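# Geometric and topological summary
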Amino acid sequence: MTGHKRQPSIELLELMGVVRENGNEQTSFPPLHTPLSYDYVLVAKTIENQQREAFKKQIEYIEELKKKNIKVTKIINDDLVFYGIQAPKEIFEKYRYLLKVSDACNWSSDQNTVPLSTRIRIVHFILTHTPIHSGESLRDLMKMKVFEARFCLHEKKKQKELKESWARWTACLQGQPITAVRNYFGEKVALYYLWLGWYTYLLIPPALIGVIVFLYGLAFFNSSPLIKEVCDADTVMCPLCDRRCKVWQLSDTCTYAKVSLLFDNNGTVLFAMFMAVWATLFLEFWKRHRASYVCEWKVSDWCEEEEELILEIVNNVNCQPKKYKHSYLRSTLVLICVTAMILVIIGLTHALVVFRVIAAALLAKGSWEFLTNHSNTGAMMLGAVLHYLIITVMTRINRIVAMKLCEIEETRSFAATEKSFTVKMFTFQFFTYFSSLFYVAFFLGRINGHPGGYVRIAGKWRLEECHPSGCLTDLFIQMAIIMVLKQTISNIFEFTGPWFHRWLRRRRTQKLQRKCAHCYLKDEQEAKDGDELCDNCKLRNWLSNYRLNNVDSFSLFNEFLEMVIQFSFTTIFVAAFPLAPLLALINNVIEIRLDAIKMVTLERRLVPKKTNDIGVWINVLEAIGVLAVIANGLVIGVSSDFIPRLVYRYLYGPCANGTVPDIDCMTGYINNSLSIARMGDHNILEFSPNQMVTAGGLNVSHCSYKDHRSNEDYSLTPQFWLISAVRFAFVILFEHIVVIFKFVAAWFVPSAPMQVKNDRLFDKLNRLKEELSSSEA
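Conventions used here
- Residues numbered from 1 in each chain as written.
- Predicted model: local features only at pLDDT ≥ 70, side-chain atom pairs only at ≥ 80, totals over all residues.
- Heavy atoms only, no water.
- Disulfide = S-S within 2.5 Å.
- Helix = DSSP H or I, 4+ residues; strand = E, 2+ residues; numbered from the N terminus.
- Buried < 20%, exposed > 50% of the residue type's maximum accessible area, 1.4 Å probe, protein only.
- UniProt positions renumbered as here; feature names shortened; annotations may be inferred.
- Core = buried A, V, L, I, M, F, W, Y, C linked by side-chain atoms within 4.5 Å.
- Contact = heavy atoms within 4.5 Å.
- Salt bridge = Lys/Arg side-chain N within 4 Å of Asp/Glu carboxyl O.

### Points about the state of the cysteines
A full pass over the atoms with the stated rule returns three disulfides. Residue cysteine 238 pairs covalently with cysteine 703 via a disulfide, S to S 2.0 Å. Taking the torsion about the sulfur-sulfur bond, which here is approximately 85°, the covalent link between cysteine 238 and cysteine 703 counts as right-handed. In this pair, cysteine 238 is assigned in the loop between β5 (236-237) and β6 (248-249) and cysteine 703 in strand β10 (residues 702-706), connecting sequence segments 465 residues apart. When its relative accessible area of 4% is taken as the criterion, cysteine 238 is described as buried. Disulfide partner of cysteine 655: cysteine 665, at an S-S distance of 1.9 Å. Note on the cysteine 655 and cysteine 665 pair: the S-S dihedral is about -85°, so by sign convention the disulfide is left-handed. Separated by ten residues along the polypeptide, cysteine 655 in the loop between α24 (642-652) and α25 (669-672) and cysteine 665 in the loop between α24 and α25 bring together distant segments of the chain. Pair check on accessibility: cysteine 655 and cysteine 665 agree, each one buried.

### Points about the UniProt feature "transmembrane region" (unreviewed entry) in the protein
The UniProt feature table records "transmembrane region" (unreviewed entry) at residues 192-216, 268-286, 332-358, 378-395, 426-445, 563-590, 614-638 and 720-749. Within residues 192-216, the helical portion is 96% and the strand portion 0%, while the C-alpha atoms at the span's ends are 36 Å from each other. Secondary structure across residues 720-749 comprises 97% helix and 0% strand; the distance between its end C-alpha atoms is 43 Å.

### Here we look at the nonpolar core
Generally speaking, nonpolar side chains in soluble globular proteins are found buried as a group. The biggest cluster of nonpolar side chains holds 129 residues, and the ones touching the most others in it are Phe185, Trp195, Leu475 and Phe573. With near-sequence residues (within four places) excluded, leucine 475 lies in contact with Leu437, Val440, Ala441, Phe573, Ala576 and Val635. In terms of nonpolar packing, the next biggest core, distinct from the first, is built from 38 residues, Phe92, Val114, Val146 and Ile310 among them.

### Comments concerning the environment of leucine 311
The residue leucine 311 is located in helix α13 (residues 304-315) in this model. Taking the C-alpha atoms as reference points, leucine 311 and phenylalanine 125, separated by 186 residues in sequence, lie 7.0 Å from one another. Apart from the residues lying within four places of it in its own chain, the contact partners of leucine 311 are Tyr95, Ile122 and Phe125.

### Digging into the pattern of salt bridges
For the structure shown, the criterion picks out 21 salt bridges. Notably, a salt bridge pairs lysine 57 with glutamate 136, separated by 3.2 Å at the nearest N-O pair. Here lysine 57, found in helix α2 (residues 53-67), pairs with glutamate 136, found in the loop between α4 (116-128) and α5 (138-143); they are 79 residues apart in sequence, far enough to count as distant. The exposure class assigned to lysine 57 is buried, which follows from its relative accessible area of 9%. Within this structure, Lys45, Asp79 and Glu148 form a network of salt bridges that share partners.

Here's what the structure looks like:
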C-alpha cells in the first residue's frame with residue numbers, strides 16, 4: 001500500500017475524530033512470524049477412569065486432528081488438561097493458493113502473508129468441521145462435556161497496545177484505531193465499531209436539535225394560553241374510574257399540562273421530519289465510509305460463501321459442497337411459527353393493557369391520597385417497569401425460538417444461519433419492545449368510549465383515558481422509563497457480569513509463578529523457527545486466557561442487536577421523545593469503550609472473521625428508516641394535539657373570522673376540546689351521587705371529558721370529523737414529503753466514493769496484467 005493515495009472518506013473520518021490512524025502503514029497486515037503462538041487451545045477436565053466414554057471420545061478427537069498433521073501439545077494442570085493446537089504451514093499455503101484462484105475472494109487481502117488472525121480463522125473452521133467416527137463434531141463434544149472450553153489466545157503485545165490506545169475509559173472522546181482493531185479482531189468486529197463510531201458521531205446534531213425543541217417548549221411555560229387555561233380553569237372533570245374516583249378539577253393537572261407542552265409543540269413536527277431525513281443520510285454516508293475501508297482492506301469483492309468453500313477444501317480435499325435446498329413445507333412451518341410467536345408477543349401487550357387498567361383501579365381504591373389522585377399515571381409507570389421485565393424474560397425466549405426455527409430451516413451455511421437468525425431475532429425483539437408503545441401511541445384514549453358508553457374489560461374495568469392536554473406524555477413516560485432502564489441496567493450488567501466471572505475464575509484456578517527469565521527474553525525479542533516457551537510459561541498464558549469469559553459466534557450479534565434496537569427508539573417515536581438522541585449519544589460514548597474494554601481485557605479473543613459489510617443489519621436499518629417516517633407521521637397526525645390545535649386556530653378559535661383580536665388565537669382551545677356529561681341524563685349510569693362531590697365538598701350536576709361530542713345525544717360533532725379528515729390528510733402529506741426527501745438524499749449521496757471505484761478498477765487491471773506477463777514468461 002506504499003505510495004497509495006488515501007481515501008478522502010477515511011481522511012474525513014480521521015479529521016472528524018471518529019477514527020484515529022497513523023498514516024497508511026497500519027492498513028495492511030505486517031508479515032508475522034509466530035512460532036511461539038498457538039493457533040487454538042482446547043481445555044478438558046482430567047478423567048481418571050480411562051474407560052469412560054468421554055475420555056475415549058477426547059482421545060479419538062485429538063487423534064483425528066493429528067491425522068491432519070496438526071501439532072497438539074498436551075499440558076496437565078491439576079484437574080484441567082490443555083491441548084495447544086498448531087496447524088502446519090501446508091494448510092495455510094493451500095488456503096493462499098485457493099484464495100488466489102477463486103472467483104470472488106482473489107482480490108481479498110495480501111496473499112503474501114498469512115497473519116495470525118487468518119491462521120486462527122482457518123484452524124477454528126478445521127476444528128469445528130472435524131468429526132470423530134461416531135459423527136460428533138467439536139460442538140457436540142462440547143455439549144457432552146468431553147471438552148470444557150475452546151478459545152484462541154490473546155497476543156499480549158497487541159493486547160497491551162489496544163488497551164493503551166482504545167480499551168480504556170480515558171479514551172472516551174478520542175477516535176478509534178479501526179485498522180488496529182481489524183488486524184487483531186478481524187473485519188467483522190472492526191466494521192461494527194466503525195459503524196457504531198459513525199452512528200455516535202452523527203447523533204450529535206439530532207441530540208442538539210432535540211434539546212432545542214425541548215427548550216422551545218420550556219420557553220412557553222409562562223406565556224402559553226393552553227397552560228394558562230388549564231391552570232386557571234374551574235372546570236370539573238368526570239371521574240376516571242368507577243365507585244371510588246370522584247370528580248376532579250382540571251386545574252389540578254397544571255404540571256401535567258406543562259410537561260405535555262414540552263414534547264407536544266410545533267417544533268416537534270419539524271424535528272420528526274429532520275430525523276427521518278437524518279436516518280437516510282446516516283445510512284448513505286455509512287455506505288460510503290464502509291466502501292472506503294473495505295477497499296483499503298482489500299475485501300470489496302470478498303464472498304463469505306466462497307470463503308467457506310475454500311475452507312472446506314483446506315479441511316478435506318474430498319469434501320462435497322453443501323447443496324442449496326428449499327422446502328415449501330419447512331418455509332410454511334417457519335412462517336406459521338413466526339406468526340404465532342408475534343401473536344404471543346402482541347398478546348403480552350394486551351396483558352400489559354389489562355394490568356394497567358386493573359392497577360389504576362386498585363391504586364384509586366388505596367388509602368394514600370396522592371396515589372388515588374394520580375392512579376392513571378402510577379399505573380402507566382408500573383406498566384412501563386413490568387414491560388421492561390417482560391422484555392428481559394422474552395429476550396431469552398426469543399433467542400431459543402429463533403434458533404429452533406433456524407434448525408427447522410436447515411440453512412446451508414453458517415452465513416445463511418446467521419442471516420436467518422438475525423432477521424427472526426430482531427423481528428421478535430422489535431415486537432417485544434414496541435408493541436406496547438404502539439398501543440400507547442395510537443390506541444390509548446381513542447377506544448375507551450364516553451360517559452354512558454365506556455368500553456370495559458370483562459364488563460368490569462374501564463379502559464384508560466388520555467389527559468385533556470393530550471396523549472403524548474403517556475408515550476413519553478413509557479419510552480423514557482424503558483430506554484433509561486434498558487441502557488442503564490444493561491450497561492451495568494454488561495460490564496460487572498464479565499468482570500465478576502473473571503474474578504471468580506481467578507479465585508478458583510491456582511496462580512502459577514512468574515514467567516521465567518529465559519522465556520521472557522524469547523517472547524520480547526524476534527522469535528526464530530523452532531523456538532518454544534517452557535511448559536510452565538505456556539500453561540501460565542493458557543490459564544490466563546481460560547479465566548476470561550467465554551465468547552461465541554453470536555457475541556457480536558448481541559452488541560449489534562442492542563444498538564439497532566436503540567436506533568429504533570431514537571428514530572421511530574422521536575416525535576414523542578425529542579431527548580432520545582441525547583440519551584443515545586451519552587450511552588454510546590460509554591458503550592464503545594465498555595465493549596472495547598470487555599472485548600480486550602475481560603473476554604476471550606473472538607475468532608477473527610472476514611467480511612465486507614455489516615450483513616443483513618443494513619437492510620434492517622433501512623426498514624427502520626421507512627417505519628420511522630410512517631410512525632412519526634402517525635404520532636404527529638394522530639397522537640399529538642398538533643392537528644386539533646391547527647383546526648381550532650383557523651376555523652373555531654377567536655382568529656377564525658380573519659380579524660386579529662387582542663387575545664391569543666388559541667384562547668379557549670381546552671374548553672373547546674371538552675364535552676359535557678349531565679347527571680340528569682338517563683344514559684349516564686356510571687357515576688354515583690357520592691362521586692359527583694368535589695374535593696371542596698360541593699355537589700355538581702355535570703362534568704367534562706375530553707372528546708368532541710354533542711352535549712344532548714353524545715353523537716360525534718362535525719368538528720370531530722373535520723379533525724379526523726385533516727389528520728388523515730396530514731399523515732399522507734407528511735409521509736409523501738419525507739419519503740421524497742429520503743429518495744432525493746439517497747440519490748444525492750453515492751453509496752461508494754468515485755476514488756474507491758477507480759482504485760478497484762486500476763488494481764484489477766494491474767492484477768490482470770501481472771497474470772498475463774507471468775503466463776507469457
